[in-house]
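# Descriptive structure summary
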Amino acid sequence: SKAKLFDQNTEVKTSFKDVAGLEGAKEEVQEIVDFLKFPEKYTKLGGKIPKGALLVGPPGTGKTLLAKAVAGEAKVPFFSLSGSDFVEMFVGVGASRVRDLFKQAKEKSPSIIFIDEIDAIGRARGKNAMSGSNDERENTLNQLLTEMDGFGTNTNVIVIAATNRADILDKALMRAGRFDRQIYVDLPDVRERKEIFEVHLRPLKKAKDLDLDFLSKQTPGFSGADIANVCNEAALIAARQGKKAVDKQDFLDAVDRIIGGLEKKNKIIT
Ligand code: ATP
């Protein structure tokens, strides 16, 4: 396959300011920022810096954003790949990709490795473990575990993984010294939706009739990604009509459109 090995971003601009709501999760990852910036502060008392943290929560709630913000706040490089990239990979490719990823991250340490959709490689070993692709998935998973176990205490690479299915993960991943910290990233409540709207309204030309409290109440069940979509869609709807600013009606139309999209998606799933 021509897919690139993994993404590497040495100058992450994302910061905690870009992550709205998620106060509890931000507090927990602040500790990881601290580990990366001042490792000696922890190791000099004999403590071991954790190697991994698992972000758990529904799609679009800001897990990737939060992991990136950790790298941005700590000013360290961000290496990332998605578990779904490993599906249908040729034998041996997954494991060697993981090996290269860790090698690079160690060379550039302190650094963050982010693995999105870890469930795609980290699913508990199932009944059909005989098929070839499953073997390859297991090889990849084993390589990941080997790399994490092989970290010395002063490697200073922290692996953050994300999933919306923590329940199906192989328990070996959660053992001490691996992803032994779980951080929950939930759908936003009405107050958090308002904060997310504020972030994504920043770049828009806003009409005076915009009412954030109203919009936040009109969007129960929306994720941060849905709200980002609403803001963008509203701007496009306004522009299509030649308006000078995005107004309340544009937002209501955008909300309707996103709800329509969500319903369609759910129909396909069920
Ligand atoms: P998935 O599980 O689908 O990978 P995710 O939880 O990693 O989703 P992100 O990719 O981080 O979600 O979110 C997608 C986009 O939605 C972000 O780039 C951002 O624009 C917006 N977003 C999501 N959550 C937030 C948030 N808490 N604050 C601000 N923007 C958010």
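In this text the structure is predicted, and so the values were computed from the model without any measurement.

With that settled, consider the overall build of the protein chain. The helix and strand tally for the protein chain stands at 10 helices and 6 strands. Principal-axis analysis of the C-alpha atoms places the extent of the protein chain at approximately 55 × 45 × 30 Å. Counting over 270 residues, the protein chain shows a buried share of 47%. Accessible surface, the protein chain: about 14300 Å² in total, of which carbon and sulfur atoms supply 52%. Here the protein chain carries 43 positive and 40 negative side-chain charges, and the mean point of each set is 2 Å from the other.

Looking at the element boundaries, threonine 14 is found in the loop between strand 1 (7-9) and helix 1 (23-37). Apart from residues lying up to four places away in sequence, threonine 14 is in contact with Leu65, Lys68, Ala69, Gly72 and Glu73.

Of all residues adjacent to the ligand, which total 18 residues, the nearest are Ala20, Gly60, Lys63, Thr64 and His200. At a separation of 2.9 Å, a nitrogen atom of the ligand approaches a polar backbone atom of alanine 20. Here leucine 65 contributes a backbone N or O atom positioned 2.9 Å from an oxygen atom of the ligand. The set of elements that each furnish at least two residues to the shell around the ligand consists of helix 3 (63-74), helix 7 (190-201) and helix 9 (224-240). By residue class, the composition of the shell around the ligand is 8 nonpolar, 7 polar and 3 charged.

The subject of this paragraph is the packing of aromatic side chains. Under the definition given, this model contains 3 aromatic pairs. With 4.6 Å between their ring centres and 75 degrees between their planes, phenylalanine 35 and tyrosine 42 make a pair best called edge-to-face. Exposure remark for phenylalanine 35: the relative accessible area of 4% places this residue in the buried category. Pairing phenylalanine 197 with phenylalanine 251 gives two aromatic rings, centres 6.4 Å apart and planes at 65 degrees, and the pair type is edge-to-face. Residue phenylalanine 197 is found in helix 7, and its partner phenylalanine 251 is found in helix 10 (residues 248-269); the two are separated by 54 residues along the sequence. For the pair formed by phenylalanine 197 and phenylalanine 251, the shared burial category is buried.

Criteria and cut-off values
- Residues numbered from 1 in each chain as written.
- Predicted model: local features only at pLDDT ≥ 70, side-chain atom pairs only at ≥ 80, totals over all residues.
- Heavy atoms only, no water.
- Helix = DSSP H or I, 4+ residues; strand = E, 2+ residues; numbered from the N terminus.
- Buried < 20%, exposed > 50% of the residue type's maximum accessible area, 1.4 Å probe, protein only.
- Areas by Shrake-Rupley, 256 points an atom, 1.4 Å probe, with all protein chains shown as cover.
- Lys, Arg positive; Asp, Glu negative; His and termini not counted.
- Charge placed at Lys NZ, Arg CZ, Asp CG, Glu CD.
- Contact = heavy atoms within 4.5 Å.
- Near = heavy atom within 4 Å.
- Polar contact = N/O pair within 3.5 Å; in protein donor to acceptor, adjacent residues only side chain to side chain.
- Nonpolar A, V, L, I, M, F, W, Y, C, P; charged D, E, K, R; others polar.
- Phe/Tyr/Trp six-rings, centres within 6.5 Å; stacked < 30°, edge-to-face > 60°.

These figures capture arrangement, not role.
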